[in-house]
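Next come the chains, spelled out residue by residue.
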Amino acid sequence: QVQLVESGGGLVQAGGSLRLSCAASGLTFDNYAMGWFRQPPGKERGLVAGISWNAPTTYYVDSVKGRFTIFRDNAKNTVYLQMNSLKPEDTAVYYCAARWRSDGSYPVDGMDYWGKGALVTVSS
């Protein structure tokens with residue numbers, strides 16, 4: 001059974017940092033592209049960052065470029081999202097998701113597995 005478990009969420013002041021972790025089990029982790037998504041209150045879920053499964057390349061939405069970093073440790077079956085210079089508009093539930101050998105795309109309706117999410121709240 002595949003499981004993705006996020007951790008590291010919490011409450012932080014604007015300008016602060018958090019690191020989210022997503023531990024995967026039940027799948028061949030290094031064959032999956034991984035994405036971090038977020039869903040702000042009352043809004044739809046959207047992609048934040050993605051990392052490919054081979055010769056890892058990364059993707060970021062414009063709003064987090066230069067502030068967030070996605071990276072993976074295949075030996076630990078874990079993907080991370082380092083979030084710096086956090087803003088109140090970053091407040092959301094953050095989800096990690098996996099997609100089998102993705103071609104570099106991370107569609108919300110095309111990911112194979114999802115975690116249950118971690119709440120990040122940024123106070124002003």
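The present account deals with the structure reproduced in this document. Note that the coordinates shown come from a computational prediction; the quantities given were computed from them, not determined experimentally. (Residues numbered from 1 in each chain as written. Predicted model: local features only at pLDDT ≥ 70, side-chain atom pairs only at ≥ 80, totals over all residues. Heavy atoms only, no water.)

Some thoughts on the packing of aromatic side chains
Note the threshold: Under the pairing criterion, centres of Phe, Tyr and Trp rings, with the six-membered ring standing for Trp, must be within 6.5 Å; the plane angle then separates stacked pairs below 30 degrees from edge-to-face pairs above 60, leaving the rest tilted. In this text, helices come from DSSP runs of H or I with a minimum length of four residues, and strands from runs of E with a minimum of two, each type numbered from the N-terminal end. Think of it in three bands: residues with accessible area under 20% of the maximum for their type are buried, residues over 50% are exposed, and the middle band is partly exposed, with areas taken using a 1.4 Å probe on protein chains only.
As enumerated under the stated definition, the model contains 5 aromatic pairs in all. For the ring pair Tyr 32 and Tyr 113, a centre distance of 6.1 Å and an interplane angle of 55° mean the geometry is tilted. Placement of Tyr 32 in strand 4 (residues 32-39) and of Tyr 113 in strand 10 (residues 113-114) is noted, with a sequence separation of 81 residues between them. The class of Tyr 32 is buried, set by a relative accessible area of 9%. Residue Tyr 113 is classed as partly exposed on the basis of its relative accessible area of 31%. A centroid spacing of 4.9 Å and a plane angle of 20° characterise the contact between Phe 71 and Tyr 80, whose relative ring orientation is stacked. We classify Phe 71 as partly exposed; its relative accessible area is 29%. An aromatic cluster of three or more residues is present, and its members are Tyr 32, Trp 100 and Tyr 113.

Section: the side chain of Asn 31
Heads up, the condition is: Only heavy atoms matter for contacts: two residues are in contact if any of them lie within 4.5 Å across the pair.
In this structure, Asn 31 sits in the loop between strand 3 (18-25) and strand 4. Discounting chain neighbours no more than four positions away, the residues touching Asn 31 are Trp 53, Arg 99, Trp 100 and Arg 101.

A short note on the state of the cysteines
Stated precisely, the cut-off is as follows: For the purposes of this analysis, a disulfide is any pair of cysteine sulfur atoms at a distance within 2.5 Å.
Overall, the coordinates contain 1 disulfide when judged by the stated rule. Residue Cys 22 pairs covalently with Cys 96 via a disulfide, S to S 1.9 Å. Where Cys 22 bonds to Cys 96 through sulfur, the torsion about that S-S bond is close to 45°, and the disulfide is right-handed. Pair noted here: Cys 22 is in strand 3 and Cys 96 is in strand 9 (residues 92-100), with a separation of 74 residues, a long-range link. When sorted by exposure, Cys 22 lands in the same class as Cys 96, which is buried.

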